[in-house]
Every structure is written in structure tokens, then in C-alpha cells.
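Notes for the structure review
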Amino acid sequence: YNWSERFFKFIISSYSTALQVVLNHPAATLVVMAATIAVSVDLYIKIPKGFFPQQDTGRLQGQVQGQQHISFAALSEKLRYFEAQVRSDPDVDTVDAVVGGGGRGGGGNSGQIYCQLKPVGQRKVTADVVIARIRRKTAGMPGATLFLQSSQDIRVGGRQSNAQYQYTLQTQDLSALATWGPKVLLRLQGLPELADVSSDQQNSGLSENVTIDRDTASRLGLTAQAIDSALYSAFGQRQVSTMYKSINQYHVVLALEQKWWANPEVLDKVYVQTPRGVQVPISAFAKWSEGITPLSIPHQGQFPASTISFNLSDGYSLSDAVAAINRAEIDMGVPTSITGKYAGTAQAFQASLDSQPMLILTALLAVYIVLGILYESLIHPLTILSTLPSAGVGALIALVLFRTQLDIIAMIAIILLIGIVKKNAIMMIDFALAAERNEGKNSRDAIFEACLLRFRPIMMTTFCALLGGMPLALGLGAGSELRRPLGIAIVGGLIVSQMLTLFTTPVIYLSLDRLRLRFSRKQHRGSRRPGILIPGGLAESGD
């Protein structure tokens, strides 16, 4: 205890000496304060911005997107290849794969892969590194592409897609969307800020168009319903019976063998039975030709839409990606009939980006009003709020040093700092006002004594909050990336604000106090009106 007290007295003595120098040079301190405000504004404008941090939850989910004309058998083979490549990664624990069945807005040309990574302590790399490693191994597969992304604890809106962020093209003209959708997709695939760019627009599927000669079919006694039933029995999934067991039942589905699915020439071998029981080949009364048909026509808000999904490349933020997409859309000259807007997480990010300045200003205004009511003054709340720019610049510098984006979590930390940091000034000003009012001290002596006597509680409360945020800043454990910006911003803001507010707050207090006194004198002189002295009192000049 004696050793710690000697150490603390040494710090108090050093602070007292430094504070005397600062109070003797208030202009330099005010310049530092102005520079702090300028740096904080400049950093806020230039710092990369995001929505939520990318987490490493240890779970990966992937979408296998095949060519639009791919068969089920070919897609199954490619899915098994992708599954083997994912399973061969040394940091992968378990893998599950599902082929077909739609999902994520896809159709029969899609499949899903679900992957569980080894625990964080058993692997040396992050999920993003594993995804990049698997992406390089599977990039050469023709006819299908694997899109992997890390599962997130928080996902905001949007439709299911191959990537985390979405950009939607929407129009009333389906032909214009068919023309410009692939062009925009190709342009975005060339942007270095984006990765895993894909689209849910699937309008190039192969089809076989069967044209029936109704006169010939009628002479043979065949109806359209009979022809449709024969085709559905061959290429559909007609349930013909049910097998019952003691504890289960099985549906029997009629279908051709898979070897007949790949070639449309099998239509030559399909027969339709006439009412007389005669088997007639379809080629006797019909012709067929190849065509193009959409596999699906996505809609959004009752209008045709094409959603382009994308992830972020290494080293780029969501704000960089949004700016690059906006530039690309302008450079391409997309017609005004096609509306491009962000969806899901990207849309929420844009909304939050627009509201952040107003959120900060509203918080400052609320704090000012409350402090003005408590102190019954318009000046003292400004002294307390002067501590906030140092906290903001400290938080932003810490985010830049640790290569962390200014996202929603970091913004929450900055709002928290507004409440934490201003207590330094409150402790000083409360004591200084009491000393002026009760002991008759001048403002300089009162604030100087307040700084020295309140130094210990200020340091205690600051270090408690700082050490409380340190585990968050270290970011240990699965999914800790979501909490890490909160700790980094709090720790950085407290360190910088502690070093600056101990010196800037007393100088600003004295400067505003002198301004208040000067304004009071002018107001007092302005209230005095010229007059002449007469017996019995003061007569105004107009009397």
C-alpha cells in the first residue's frame, strides 16, 4: 500500500506540473482541441464502413450451382467431387451434401453442402482462409461452381442466395431484364472488390418442344389428355402404387431409367395407347425441336427481378463494394427503366449509413439537454461535451490500427463512450462550481484543485471500463469477431480521451467561463440607459 501510494503521489505531482504548463498556454490547448475535432471528422469520412463483422462460427454453407441445362445425374457427380474436395481440407471436420430440391432460390440445377470446421483451438487458420483454399481447389470444375460462405449469427432480411450480400435489378420489362441482367453480372464479376458473384436469373434452360399434329392424332383416336399422360409417365414422377409394411409404407414412382434421360431422341421410343389398345409412337403424329426456356422467373414486389449475390474480397469493406457497384452501374449506362437497389444485409447497411450522423447528433443533443437541465446553464454542458471528440478520435484510430471497419457494433461502442467519457468532465466541474460557490475561489484555482482531487476517481473509473472492454478487444473464442469491434473502440476511445481530457477540460472550462463573464458585462452595460440625476432618484432622459 505504501509503495502504491508513493507511486500515485509521483503521478499526481507530475500531472500537477503538466497542468500548470497547460493552463499557462491555453491557446495551444485549444488548437489541439480543434485538431482533434478535425481529425475525428476526417477519420469518420475515410474509414472503411461495414454493417456487421464477418464471424468465424466454424460452420460453412455452400451452394453448388450447375449449368442451367445440367442433368440430375451429372449434377450428382459434380456434387460428389465438390464434397470430396471439401472433405480433404485438413481443417474440415464433417461434411453433408444434398443434390437437387431447389433451395436458396435455385432449381433442379443446384445442390447444397454443409460443413463443420474443427474447433478454433485445433485449427490455425480462420474460416475465410479455409474458404479461399477450397475455392482454389474447386475453381477448375466445368459445368458447375461451388459458392461457400461462413454461417453468421445475424443475417438481416433478403432472399436466400449464394453469398452474403445482394444487389437486385428490377423492371416491368422482362426482355430488358433478360438483356441487361447478364451484362451487369459480367461487369460485377470483374470488380476486384467483389468475390463469388452469381445471379439467380436462369432464363437459358434447354427445352424440347413437342408439336402435335392434332388432325393425325384425332384420326388415330388419341386425345391431348392421353398424349400428356404418356409423356408424364415417361418423364414425370407418377405414383402408381403404395407398398405397405408393418411399420412403414413406400411410394412406387413410375419413371424411365436414368440412361434415357440425357438424350431427347428417347421420344422416338415413347408410345401412346389408343382406345382400341394399339400402341402408336409419338413420332407418328408429332414433331419436336429444341428451345430455350427460363428455369425460374424471380419476382420482387410483383415485378420481375434478378438478384446478384456477392461476397467481399480480402482487404475490402462493404462501403468499398457499394461504391464500386454504383460506379459500374453508372459507367455501363443501365437504362432508367431498370432499377438497381441493394437487398438484405446490403440494404440495411445503406440505411444505417444514412442514419449514423443523425444518430450521433441526436445523442449529443439529448445529452446537452439533460446536462443543461441539471446545471441550469447553457455553458457548462458545452464543457462536458468537449470531451467527446477525443473519445471519438481514439475509437477511430484504434479501429484503423487493428484494421477493423466502422460497423454497427463499433458505432454502439462510440455511443457508449458518450456516456462513459463525459463523467471525467462532470467530476471536475461539479467540484469546481462548489469551490467557487462555497469557498469564494476564482475559476482557475477552483478547476485546478478539482483536477488534482478528482484525478484518482477519474483514473479508477476509466481503468475499470478499459479493463472491462479488454476481453472483447482480444476477441477469443468462436464467433468473437462480432464482439471485437466493441472492445477495440471502447479501449481506444478511453485511452486517448483520458490523455486529452485531463488537460483540455480545465482549459475549455476557463475559456467558456471568461466568455460567459464577458457576455454578462456587455449585457449589463446594454441594460443601463442614459439619464440625469435629480433629487429623489434617477430620471430617464425621456422624462
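Whatever comes next refers back to the structure up there.
Here the structure is a predicted model, which means the values were calculated and not measured.

The rules behind these values
- Residues numbered from 1 in each chain as written.
- Predicted model: local features only at pLDDT ≥ 70, side-chain atom pairs only at ≥ 80, totals over all residues.
- Heavy atoms only, no water.
- Helix = DSSP H or I, 4+ residues; strand = E, 2+ residues; numbered from the N terminus.
- Rg over C-alpha atoms; globule rule 2.2 N^0.38 Å.
- Buried < 20%, exposed > 50% of the residue type's maximum accessible area, 1.4 Å probe, protein only.
- Contact = heavy atoms within 4.5 Å.
- Lys, Arg positive; Asp, Glu negative; His and termini not counted.
- Charge placed at Lys NZ, Arg CZ, Asp CG, Glu CD.
- Polar contact = N/O pair within 3.5 Å; in protein donor to acceptor, adjacent residues only side chain to side chain.
- Core = buried A, V, L, I, M, F, W, Y, C linked by side-chain atoms within 4.5 Å.
- Axes fitted to C-alpha atoms, helices over the stretch in contact; angles between N-to-C directions.
- Parallel < 35°, antiparallel > 145°, perpendicular 65-115°, else oblique.
- Left-handed = near helix turned anticlockwise from the far one by under 90°.
- Nonpolar A, V, L, I, M, F, W, Y, C, P; charged D, E, K, R; others polar.
- Pairing = 2+ DSSP bridges.
- Salt bridge = Lys/Arg side-chain N within 4 Å of Asp/Glu carboxyl O.
- Phe/Tyr/Trp six-rings, centres within 6.5 Å; stacked < 30°, edge-to-face > 60°.
- Lys NZ or Arg CZ within 6 Å of the ring centre and 35° of its normal.

When helices and strands are tallied, the chain shows 15 helices and 17 strands. The C-alpha radius of gyration of the chain comes to 36 Å, more than 25% above the 24 Å expected for a compact globule of 543 residues. Expressed as a percentage of the 543 residues in the chain, the buried residues total 43%. Expressed as a percentage of contacts within the chain between residues at least 6 apart in sequence, the contacts between residues at least 24 apart total 75%. Distance between charge centroids for the chain: 6 Å, based on 48 positive and 39 negative side chains.

Take Leu-19: it is sitting in helix H1 (residues 2–24). For Leu-19, a relative accessible area of 0% translates into the label buried. Distance from Leu-19 to Cys-451, taken between C-alpha atoms, is 8.7 Å for residues 432 residues apart in sequence. Sequence-distant contacts of Leu-19, defined by excluding residues within four places in its chain, comprise Phe-448, Cys-451, Leu-502, Phe-503 and Pro-506.

Attention now moves to the environment of Glu-83. For Glu-83, the position within the fold is in helix H3 (residues 72–87). Taking the C-alpha atoms as reference points, Glu-83 and Val-98, separated by 15 residues in sequence, lie 9.9 Å from one another. Setting aside its immediate chain neighbours within four residues, Glu-83 contacts Val-95, Ala-97 and Ile-113. Of note is the side chain of Glu-83, whose polar atom sits 2.6 Å from the side chain of Arg-87.

This part covers the nonpolar core. Among the nonpolar cores identified, the biggest contains 32 residues, and Tyr-15, Met-428, Ile-429, Ile-447 and Tyr-509 are the most heavily contacted of them. If you tally residues by element for this core, the top one is helix H12 (residues 408–439), at eight residues. Once you skip the residues sitting within four places of it in the chain, Met-428 turns out to touch Tyr-15, Ile-447, Ala-450, Cys-451, Arg-454, Ile-458, Thr-501, Leu-502, Thr-505 and Pro-506.

Relative orientation of the contacting elements helix H2 (residues 26–46) and helix H11 (residues 388–401) amounts to 45°, with a least axis distance of 9 Å. Classed by the angle they form, the pair H2 and H11 counts as oblique. Viewed along their axes, H2 and H11 form a crossing whose handedness is left-handed. Taking contact as the criterion, the partners of Met-33, Thr-36, Ile-37, Val-39, Ser-40, Leu-43 and Tyr-44 in H2 are, on H11, Pro-389, Ser-390, Val-393, Leu-396 and Ile-397. Class assignment for the residues of the contact of H2 with H11 results in nine nonpolar, three polar and no charged.

With respect to topology, four strands assemble into an open sheet ordered S2-S3-S1-S4, the strand pairing being antiparallel. Two strands bound the open sheet, and with one partner strand each, they are strand S2 (92–99) and strand S4 (144–150). The sheet shows a mean angle of 20° between the axes of neighbouring strands, direction not considered. Looking at chain direction, strand S1 (residues 59–66) and strand S3 (residues 110–117) are connected through seven bridges and run antiparallel. Counterpart to Leu-60 in the pairing with S3 is Cys-115. Across the face of the sheet, H3 comes into contact with S1, S2, S3 and S4 while running at roughly 175° to S2.

Take unusual backbone geometry next. Non-glycine residue Asp-196 carries a positive phi angle of around 55°. Among the structural elements, Asp-196 can be located in strand S6 (residues 194–199). Although it is not a glycine, Glu-376 adopts a positive phi angle of roughly 55°. Along the chain, Glu-376 falls in the loop between helix H9 (345–375) and helix H10 (380–385).

Attention shifts here to the pattern of salt bridges. As enumerated under the stated definition, the model contains eleven salt bridges in all. Close ionic contact of Asp-42 with Lys-46 constitutes a salt bridge, the shortest N to O distance being 3.4 Å. Highlighted residues: Asp-42 and Lys-46, both in helix H2, separated by four residues, approximately one helical turn. The partner of Arg-123 in a salt bridge is Asp-56, with the nearest N and O atoms 3.0 Å apart. On the criterion of sequence distance, the pair formed by Arg-123 in the loop between S3 and helix H4 (127–138) and Asp-56 in the loop between H2 and S1 is long-range, its members being 67 residues apart.

Next up on the list: the packing of aromatic side chains. Given two aromatic rings, one states the distance between the centres and the angle between the planes to describe the pair. Under the criterion given, the structure shown has eight aromatic pairs. Aromatic side chains Trp-3 and Phe-7 sit 5.9 Å apart centroid to centroid with 5° between the ring planes, which places their arrangement in the stacked category. Of the two residues, Trp-3 and Phe-7 are both situated in helix H1; the distance of four residues between them amounts to about one turn of the helix. With a relative accessible area of 61%, Trp-3 lands in the exposed category. Aromatic pair Phe-51 and Phe-52: ring centres 4.6 Å apart, planes at 80°, arrangement edge-to-face. The exposure class assigned to Phe-51 is buried, which follows from its relative accessible area of 9%. Among the aromatic residues, those joined into a cluster by ring pairs are Phe-8, Tyr-15, Phe-455 and Phe-503. Geometry around Tyr-44 places Lys-49 over its ring, the cationic atom sitting 5.1 Å from the centre. Cation over ring: Lys-183 sits above Trp-180, and NZ or CZ is 4.7 Å from the ring centre.

The next thing to look at is the side chain of Ser-317. Looking at the element boundaries, Ser-317 is found in the loop between strand S14 (303–312) and helix H8 (318–332). A polar atom in the side chain of Ser-317 sits 2.8 Å from the side chain of Ser-319. Not counting residues within four places of it along the chain, the set of residues in contact with Ser-317 comprises Pro-48, Lys-49, Leu-312 and Gln-405.

Structural measurements only, silent on function.
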